[in-house]
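Letter by letter, the chains look like this.
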Amino acid sequence: MAGFIAWGVMICSIICMPEGALAAAGHPSIPGAQLSVLWAIPFVCMLLSIAVMPLALPHFWEKHFGKIAAFWGLAFLTPCLLVYGFNVALYEFLHIILLDYVPFLVLLFTLFTVAGGVRLTGSLVGTPVVNTGLLAVGTVLASWMGTTGAAMLLIRPLLKANAHRKYRVHSVVFFIFLVANIGGSLTPLGDPPLFLGFLKGVDFFWTTTNLFVKTGLLSVVLLCIFFVVDAVLFKKEGSPKPAAPAGAVEEKLGLDGKINLLFLLGVVVAVLLSGLYPLGELVSVFGVSIDAQNMLRDVVLLCLAGLSLKFTSRRCRELNGFSWAPIEEVAKLFFGIFISMIPAIAILRAGADGALAPLIHLVTHDGQPVNSMYFWLTGILSSFLDNAPTYLVFFNTAGGDAQHLMHDMPATLAAISAGAVFMGANSYIGNAPNFMVRSIAESDGVRMPSFFGYMAWSVGILVPLFGLLTWLFFV
């Protein structure tokens, strides 16, 4: 109760305090170098809530998960308010909400809306060959339209093709591995950390050439494993075929709502241009600077979502099984995740001066980079924290000079890039589309694994493959 009272006082103060007073006070941020790891407890509890409560208290979780997420956000903000003061707590809250959470949610909402208007027509049957082909296509598309775009475009066709199958969980899990994560490693369009690297000076096609073999090897092995697993389960089910509804007219294989493909292209262009052409600060909200190109991008994205809703028939979305429940769940849960992870990101950004200094020191030995540790530390932290700032932390730890890293330390830059992208597949919150794919699958009737259940898949399948990549490329 004290937390909610304190937060209410903060909100009232925001309303009553003139902006000039805050501007005069500056916008001090939380001192990451002074924080102990105890400040990360709300974030850990947020993750444990996602992992445990759907199993232990399913009905309570279903009704109140948004309130629980808000509670763990307040569990950080309230002590921050009491220890560091109003200005710090307000600045950190607005900074994460306006610069990270809102753009994240706008992009995800737009892709969810636009891709939800594309319906695969016809009788595509989820056999092992067809399923493997869908995963392969999605893996290729992910680097060119982003992991989120490719995932939102293809998850429904995959679910529809396998609607008659008894065993479907493995298809969604491998879809998250490949389409929502690993496939996005070849261009800056694929995943946010690589886009940040591009903005820092890494050549557009550098990751294409330097991660191609690694991505190709990992993708091919995973596709082969999936094919074998799917073939065994398909045979165990008796090689089922979908039953045609009585009186139904057979559709030809094709796409309904094709205009949404144009809107998807618009999303990719809007995101790319926002990074290439900075327009400067548009407005400052209590010390948080919002750039014009980012505001313009988000407005364009919302317009594209509106156009998709206008030009896509209701029947197309209904036949696609479209509903707003998945995006609502993601919006509520990631509100708590983004706020509660503020101190963890601050500690990480403090580098050698922060509580995680022993980890930072592991990436260098006798003045030389330890590429295996760059790969694993970037990856493990990216599995649970936002992989974009994690990438930047280790990018800067390695020197921060893109030209030097590309030409003199290519293996180090490759290790950081691969760790940030590949290991986003290790948990549901490792990359933006993971949780969305899970939510869409569950709304379609697929009983997905719990948080730890999914990690049993990732640890059992991905971690040995990451070990192989380490031995082959980063030792």
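Source: prediction; values computed, not measured.

When its secondary structure is counted, the protein shows 22 helices and six strands. The C-alpha radius of gyration of the protein comes to 23 Å, within 12% of the 23 Å expected for a compact globule of 475 residues. Judged by the C-alpha coordinates and their principal axes, the protein covers about 70 × 55 × 45 Å. Scored against the burial criterion, the 475 residues of the protein give a buried share of 53%. Surface accessibility of the protein: about 20,300 Å² in total, with carbon and sulfur atoms responsible for 69%. Charge centroids of the protein, computed over 24 positive and 24 negative side chains, lie 15 Å from each other.

In the structure shown here, the tally under the stated rule is 29 aromatic pairs. Geometrically, the ring pair formed by Trp376 and Phe466 is edge-to-face, given 6.4 Å between the ring centres and 80° between the ring planes. Linking Trp376 in helix 17 (residues 371-382) with Phe466 in helix 22 (residues 451-474), this pair joins segments that are 90 residues apart in sequence. A residue is classified by how much of its surface remains accessible, and Trp376, at 22% relative accessible area, is partly exposed. Seen in terms of ring centroids, Tyr428 and Phe435 are 6.2 Å apart; in terms of plane orientation they differ by 75°. Their pairing is edge-to-face. For Tyr428, a relative accessible area of 1% puts it in the buried group. Owing to a relative accessible area of 1%, Phe435 belongs among the buried residues under this scheme. Through pairs of rings, three or more aromatic residues link up here, namely Tyr101, Phe104, Phe174, Phe177, Phe226, Phe334, Phe335, Phe338, Tyr428, Phe435 and Tyr454. In this structure, Lys214 packs its charged tip against the face of Phe473, placed 4.8 Å from the ring centre. If you follow Arg317 out to its NZ or CZ, it ends over the ring of Phe322, 4.8 Å from the centre.

Cut-offs applied
Residues numbered from 1 in each chain as written. Predicted model: local features only at pLDDT ≥ 70, side-chain atom pairs only at ≥ 80, totals over all residues. Heavy atoms only, no water. Helix = DSSP H or I, 4+ residues; strand = E, 2+ residues; numbered from the N terminus. Rg over C-alpha atoms; globule rule 2.2 N^0.38 Å. Buried < 20%, exposed > 50% of the residue type's maximum accessible area, 1.4 Å probe, protein only. Areas by Shrake-Rupley, 256 points an atom, 1.4 Å probe, with all protein chains shown as cover. Lys, Arg positive; Asp, Glu negative; His and termini not counted. Charge placed at Lys NZ, Arg CZ, Asp CG, Glu CD. Phe/Tyr/Trp six-rings, centres within 6.5 Å; stacked < 30°, edge-to-face > 60°. Lys NZ or Arg CZ within 6 Å of the ring centre and 35° of its normal.

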